[in-house]
Amino acid sequence: MTSVLHIACSPKGDAAHSWRMASVLIAGLSDQNPGAVISTRRLDQSPPTLADAAFAAEMMPHTTAESARDAGALQESERLIEELDAAEILVISTPMHNFTVPAALKAWIDQVVRFGRTFHSTPTGKIGLLRDRPVYIVIASGGFFTGENPTQPDFLTPYLRAILATIGYKDIHFVTAEAMSRGPEALAAGEASARRQIAALLVR
Ligand SMILES: Cc1cc2nc3c(=O)[nH]c(=O)nc-3n(C[C@H](O)[C@H](O)[C@H](O)COP(=O)(O)O)c2cc1C
């Protein structure tokens, strides 16, 4: 049975545009994988702990799953990594906040991108330790950040591509629902575009 993990990052939870579009995608993935088990981690309801001094102190010496389980400040990190690694397909639904990831998603990233556990450092760069798998990232934004006339910089998609590659995830697909704050017509057009992107991904 295929396992799908949905990391839902909007503070608006299941009322979010990104959640609604991710639900369309997940329904399609379920059709393609009958019996798929869908788990949802709602960062609005359980925001990850911010990486604090204890986390920073324990992160370097406790690099294995076994020793991390004994290190208090790493137990949440270990649980989130195990949940992530158990999924065969990852779906991240997220808004764009100030040109990049919302704070809750950054906190989740700080918990799961961990030296010695999900990546190694070498003189020539970082090497991911998790196996690659399909990752679908569904983004909602108030304005436009792709296309011929983006009205703002995009630090969201390049950042997510780079940070997920650091832990080994390179099979990454983006869906964007843009201009959600530009009135009902723009919203409908943005959602229609997102649905077309999802349909195109599902026939691959
Ligand atoms: C704190 C904050 C920062 C935002 N920054 C941006 C931004 O940089 N660019 C943008 O297009 N929209 C921005 N927005 C608007 C959201 O991206 C937009 O409302 C989006 O539809 C929210 O998605 P959601 O419904 O999935 O949460 C911001 C919203 C908030 C609350």
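Refer to the structure presented above.
Anyway, here's the lowdown on the structure attached to this text. Here the structure is a predicted model, which means the values were calculated and not measured.

**Concerning the packing of helix H4 (residues 75-86) against helix H5 (residues 103-112)**
How two helices pack is summed up by the angle between their axes together with the distance between the axes.
Now for step 1: Packing of H4 against H5 brings their axes to within 8 Å, and their N-to-C directions diverge by 90 degrees. Classed by the angle they form, the pair H4 and H5 counts as roughly perpendicular. Residues Glu76, Ser77, Leu80, Ile81 and Leu84 of H4 touch H5, and the partners they reach there are Trp108, Gln111 and Val112.
Now for step 2: Its residues assigned to classes, the contact of H4 with H5 comprises 5 nonpolar, 2 polar and 1 charged.

**Some points on the site of the ligand**
Now for step 1: Taken together, 17 residues lie near the ligand, and Ser10, Lys12, Ser18, Asn98 and Gln152 sit nearest.
Now for step 2: Ser18 places a side-chain nitrogen or oxygen 2.5 Å from an oxygen atom of the ligand.
Now for step 3: Starting from 640 Å² of accessible surface for the ligand in isolation, the protein chains cover 74%.
Now for step 4: Grouping the amino acids of the shell around the ligand by side-chain chemistry returns 6 nonpolar, 10 polar and 1 charged.

**Points about the packing of aromatic side chains**
Now for step 1: Enumeration according to the criterion identifies 1 aromatic pair in this entry.
Now for step 2: Relative to Phe119, the ring of Phe115 lies with its centre 6.2 Å away and its plane at 75 degrees, an arrangement referred to as edge-to-face.
Now for step 3: Take Phe115: its relative accessible area is 26%, and that puts it in the partly exposed class.

**Some words on the pairing of strand S2 (residues 37-42)**
Now for step 1: Examined bridge by bridge, strand S1 (residues 3-8) and S2 share 6 bridges and lie parallel to one another. Across the sheet, the residue bridging to His6 is Thr40, located in S2.
Now for step 2: Tracing the backbone out of S1, into helix H1 (residues 17-32) and back to the parallel element S2 gives a crossover that is right-handed.

**Overview of the pairing of strand S7 (residues 171-177)**
Now for step 1: For S7, the tally of buried residues reaches 6 of 7 residues, placing the bulk of the element in the interior.
Now for step 2: Alignment of strand S6 (residues 134-140) against S7, held across 7 bridges, turns out to be parallel. Paired with Tyr136 across the bridge in S7 is His173.

**Some remarks on H4**
Now for step 1: Counted at 1.5 Å a residue, the expected span for H4 with its 12 residues is 16 Å, and the 17 Å between its end C-alpha atoms agrees.
Now for step 2: Turning to H4, its buried residues number three or more, namely Ser77, Glu78, Leu80, Ile81 and Leu84. Angular distribution of buried residues about the axis of H4 spans 165 degrees; they occupy a single face of the element. The exposed set on the far side of H4, more than 90 degrees from its buried face, consists of Arg79 and Ala86.
Now for step 3: In this structure, the buried residues of H4 make contact with S1, S2, helix H2 (53-59), helix H3 (65-70), strand S3 (89-95) and H5.

**A look at the pattern of salt bridges**
Now for step 1: According to the stated counting rule, one finds 9 salt bridges in the structure shown.
Now for step 2: The partner of Asp44 in a salt bridge is Arg42, with the nearest N and O atoms 2.8 Å apart.
Now for step 3: Assessed through its relative accessible area of 26%, Asp44 is described here as partly exposed.
Now for step 4: One network of salt bridges, with partners in common, ties together Asp14, Arg42 and Asp44.

Conventions adopted
Residues numbered from 1 in each chain as written. Predicted model: local features only at pLDDT ≥ 70, side-chain atom pairs only at ≥ 80, totals over all residues. Heavy atoms only, no water. Axes fitted to C-alpha atoms, helices over the stretch in contact; angles between N-to-C directions. Helix = DSSP H or I, 4+ residues; strand = E, 2+ residues; numbered from the N terminus. Parallel < 35°, antiparallel > 145°, perpendicular 65-115°, else oblique. Contact = heavy atoms within 4.5 Å. Nonpolar A, V, L, I, M, F, W, Y, C, P; charged D, E, K, R; others polar. Near = heavy atom within 4 Å. Polar contact = N/O pair within 3.5 Å; in protein donor to acceptor, adjacent residues only side chain to side chain. Areas by Shrake-Rupley, 256 points an atom, 1.4 Å probe, with all protein chains shown as cover. Phe/Tyr/Trp six-rings, centres within 6.5 Å; stacked < 30°, edge-to-face > 60°. Buried < 20%, exposed > 50% of the residue type's maximum accessible area, 1.4 Å probe, protein only. Pairing = 2+ DSSP bridges. Right-handed = clockwise from strand over helix to strand, strands pointing away. Expected span 1.5 Å × (residues − 1). Arc of directions from axis to C-beta. Salt bridge = Lys/Arg side-chain N within 4 Å of Asp/Glu carboxyl O.

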